[in-house]
Structures are given as C-alpha cells and as structure tokens.
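Secondary and tertiary structure notes
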Amino acid sequence: MRIRINPIPVTAAIVLGAGAFSFIGARRADTVERIDFSTTRVATSPAYDARLAPATRATIREFIIPVTHDTIEIAGGVKYEGWTFGGTVPGPTIRVREGDLVRVKVVNRSPMPHSIDFHSARIPANVAYRTFMPNDTVSFEFTARDPGAYLVHCGTPPVTMHIMQGMYFAVIVDPREGWGTWADKEFVIVQSEFYAKEDTATHRHGPDWTAAMAKQASQVTFNGRAFQYKDNPLKVDVGDRVRFFVVNAGPTFRSDFHIVGAIFDRVYPDGTPRHAMERVQTWTIPAGGGAVFETVFSKDGSGEGLYPFVTHSFADAEKGAVGIIRVGTPKTFAKMDH
Ligand SMILES: [Cu+2]
C-alpha cells in the first residue's frame with residue numbers, strides 16, 4: 001500500500017528525477033513530475049526515436065499536451081497536413097507505473113474542435129473525453145490502476161478522420177512489481193495507417209475519406225512513417241533481451257506483429273502480465289489495442305544479424321509496416337529484402 005507523506009503541492013510544478021526520490025523508512029513521499037509535450041519532442045529524423053526510457057520514480061505525473069495542426073512526413077518525401085498531440089505522429093509516449101496518479105491537461109492550439117481518449121483510464125468519458133474548442137483546455141486525472149500498453153487518441157467525430165490524421169500516442173503502465181524479466185532494450189512501436197491523396201498544386205497530402213471508408217490505405221506505418229526502420233534499423237546487441245511495446249492506433253487495420261528469425265519468449269496481450277503467453281510466433285493486436293513482446297537475441301539463437309519486424313498481414317507490410325532490427329554488427333549481409 002502506498003502511503004503519502006508530506007505531499008508536494010502540484011502547483012509548485014516541481015520536477016524531480018530519480019535522484020531526488022526520497023525514502024523514509026519503507027514509505028516514500030509523493031514526487032511530482034511535469035512533462036510538457038510542447039518542449040518534449042521526440043526526434044523524428046532520420047527516424048522516429050523508438051527507444052523507450054524507464055519510468056521515473058515520480059508518483060504524480062502531470063502531462064501538458066498541446067493539440068496542433070502540423071506538416072508531418074508519412075513516407076520518404078511525402079508531406080502530409082496532419083493533426084497531432086505534441087507536434088509529432090505519434091505523439092510522445094507516456095510511461096507511468098501502476099498506482100501513479102496521472103494528471104492530464106490538453107490545450108487545443110489548433111483551429112478546430114478536438115478531444116482526447118485515454119484507454120488506460122477508468123473515468124467518465126462524457127467529462128474527460130469531451131470535445132473542446134480552439135484555445136480551450138480540458139483537464140482530468142486518473143489513477144493508473146491497470147498495467148498495460150494502451151492507445152490514446154482523439155475521439156471527436158468522425159473518429160476515423162481524427163485518427164487517420166495522426167492524433168494518437170502510446171501510454172505504458174508498468175506493473176507495480178515490474179515485468180518480471182530484465183530487458184536490455186525497450187522500444188515503442190505504434191502501428192497506424194494513412195489514407196493520403198495529393199494536392200497536385202502544392203504536392204502536399206491530405207486525407208482521402210472515400211479511401212478510408214473503403215479501407216484502401218496509402219501507407220501502413222510503424223511510428224508514423226512508412227519503411228523508416230528499414231532505412232534506419234533498431235539497434236540491439238547480441239545477447240540482449242528486448243521488450244517491444246506495440247500499440248495499434250488503426251484507425252481500422254489490425255496488426256499481426258511478428259519478427260522474422262525470432263520467436264517471442266513472452267507475449268502479454270494488452271500488456272497485462274496476467275495474460276502472459278510463452279513461445280509465440282505472431283500475435284494480433286486489434287485496432288485500439290496493445291501488447292508487450294519479449295525476445296532474446298542470444299548468441300546461439302537469433303544472434304548477430306538482421307531481423308525484419310512486420311505486420312504479417314502482408315498487404316499492409318507492403319505499404320510500409322516493415323522495419324529491421326540490427327543485432328550486433330553483421331557483416332555477412334548488408335540488406336534484407338523483407
Ligand atoms: Cu481530433
């Protein structure tokens with residue numbers, strides 16, 4: 001049981017890292033961490049930075065999330081007029097621990113109404129997830145009771161449009177006692193699809209509603225840009241145990257997550273340790289769902305080399321949902337054709 005001692009007023013906006021975490025006997029004081037998405041941008045060049053840092057030891061988490069309309073790159077050289085949380089697609093990953101108090105303030109800095117929907121919260125949707133106007137804000141808080149890998153998205157109708165425009169990111173809620181296994185590297189991967197059509201005058205791309213209703217995606221991506229990890233592989237070392245937090249934003253397609261040349265030692269559907277499965281080749285994540293995958297690139301197994309990760313729904317992989325994991329520094333083959 002968590003016991004609060006001398007809680008710090010949230011209005012003080014104190015940002016404390018792990019070094020400032022204090023113990024008093026077996027009890028700990030609440031510490032507050034405030035993260036503003038407008039100043040915490042994820043690097044998107046040369047690829048969206050999929051590496052995931054551990055959660056800090058703060059127990060009260062405040063997030064300020066601006067909604068913006070921004071130009072994003074959904075494939076090499078393909079500029080798209082998107083809608084975002086925090087200026088990137090996907091927005092930054094929120095990582096907290098089971099039991100943390102999560103405070104959210106969303107600021108609408110766009111010219112049209114939007115909203116936010118946290119799948120990780122148990123909360124009255126009509127209040128927290130209401131649509132709000134330009135220059136307005138919405139604030140709510142919830143206790144992260146349920147460990148998992150969750151989707152956050154805009155829920156303003158038509159929801160398909162707001163998601164296909166780029167309004168989503170991942171929330172990771174670590175189990176209170178951890179995942180039970182050590183991970184040398186952790187990555188977050190958000191699958192989503194775009195329905196883009198080009199404005200022939202500006203060469204910029206915008207949404208194709210007819211294509212979206214016909215489920216005719218133009219790109220299917222990992223972390224918002226087609227094929228980006230084919231050109232810029234995720235790098236791990238030989239012997240690493242690697243944990244992937246995979247969230248499927250959709251809006252419509254499923255994700256059949258698979259690593260060519262590896263077998264998942266563990267899969268946690270929904271990212272819940274209670275759902276643990278062992279020795280899995282492929283696992284399907286529904287639109288609006290998430291899962292945690294673990295594998296070991298051991299020397300006597302999936303050792304040094306290149307390992308494509310895909311959605312095994314291969315028509316979608318052909319449209320961009322394929323990347324490479326580079327284990328060690330393989331010299332025998334420089335390219336993979338998957
Ligand atoms: Cu929206």
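Here we look at the overall build of the protein chain
Helices and strands together make up the secondary structure of the protein chain, namely five helices and 24 strands. The 338 residues of the protein chain split such that 44% are buried. In the protein chain, the proportion of contacts linking residues at least 24 apart, taken out of those at least 6 apart, comes to 73%.

Describing the sheet that holds strand β23 (residues 305–311)
Taken together, the five strands give an open sheet; going across it, the order is β16-β24-β23-β18-β21, and neighbouring strands pair in mixed fashion. Here the strands that pair on one side only, and so sit at the sheet edges, are β16 (234–236) and β21 (282–285). Neighbour-to-neighbour, the strand axes of the sheet open up by a mean angle of 20°, direction not taken into account. Note that β23 and strand β24 (residues 322–327) share six bridges and pair antiparallel.

Side note on the pairing of strand β17 (residues 241–250)
Counting buried positions along β17 yields nine of ten residues, so the element is predominantly enclosed. The pairing of strand β12 (residues 185–194) with β17 spans eight bridges and is parallel. Bridge pairing in β17 links S192 to G250. Bridge analysis of β17 against strand β22 (residues 289–296) gives eight bridges, and the strand direction is antiparallel. Residue pairing in the sheet places R241 in a bridge with V296 of β22.

Considerations on unusual backbone geometry
The linkage connecting P157 with the following residue, P158, adopts the cis geometry, with an omega of -10°. Here P158 shows up in the loop between β10 (148–153) and α2 (159–164). Here G250 and P251 are connected by a cis peptide whose omega angle stands at 20°. As for its position among the elements, P251 is in the loop between β17 and β18 (255–259).

Some words on the confidence of the model for the protein chain
Averaged over all residues, the pLDDT of the protein chain is 90; the fraction at 70 or higher stands at 90%. Segment residues 1–27: pLDDT under 50, and 35 contacts once partners within four positions in sequence are set aside and those in other chains are kept.

Topic: the environment of E294
Mapped onto the elements of the fold, E294 is located in strand β22. On a C-alpha basis, the gap between E294 and R241 in space is 7.0 Å, while along the polypeptide they are 53 residues apart.

Overview of the nonpolar core
A149, A170, F245, V246 and V247 are the most contacted members of the largest nonpolar core, which totals 82 residues. Counting the residues that make up this core, at least three belong to each of domain 1 (10–174) and domain 2 (185–327). Excluding its chain neighbours within four sequence positions, the residues that come into contact with F245 are L52, A149, A170, I172, V188, G271, G290 and V292.

A few points about the environment of S313
The residue S313 is located in the loop between β23 and α5 (314–317) in this model. Given 18 C-beta atoms within a 10 Å radius, S313 is considered partly exposed. Distance from S313 to H258, taken between C-alpha atoms, is 9.8 Å for residues 55 residues apart in sequence.

A short note on the environment of I64
Its place among the elements puts I64 in strand β4 (residues 60–75). For I64, a count of 19 C-beta atoms within 10 Å translates into the label partly exposed. Once the C-alpha coordinates of I64 and I35 are considered, the two residues, 29 residues apart in sequence, prove to be 6.3 Å apart. The residues contacting I64, other than those within four sequence positions of it, are D36, F37, K105 and V107.

Considering the sheet that holds strand β20 (residues 277–280)
Note: strands within a sheet are paired through backbone hydrogen bonds, in either parallel or antiparallel orientation. Strand order in the open sheet formed by six strands is β15-β12-β17-β22-β19-β20, and the pairing between neighbours is mixed. Two strands lie at the open edges of the sheet, namely β15 (219–222) and β20, each paired on one side alone. This sheet shows a mean twist of 25° between the axes of neighbouring strands, independent of strand direction.

Cut-offs applied
- Residues numbered from 1 in each chain as written.
- Predicted model: local features only at pLDDT ≥ 70, side-chain atom pairs only at ≥ 80, totals over all residues.
- Helix = DSSP H or I, 4+ residues; strand = E, 2+ residues; numbered from the N terminus.
- Buried ≥ 20, exposed ≤ 12 C-beta atoms within 10 Å, placed from the backbone.
- Contact = placed C-beta atoms within 7 Å.
- Pairing = 2+ DSSP bridges.
- Axes fitted to C-alpha atoms, helices over the stretch in contact; angles between N-to-C directions.
- pLDDT = per-residue confidence, 0-100.
- Core = buried A, V, L, I, M, F, W, Y, C linked by C-beta atoms within 7 Å.
- Domains from an automatic or database assignment.

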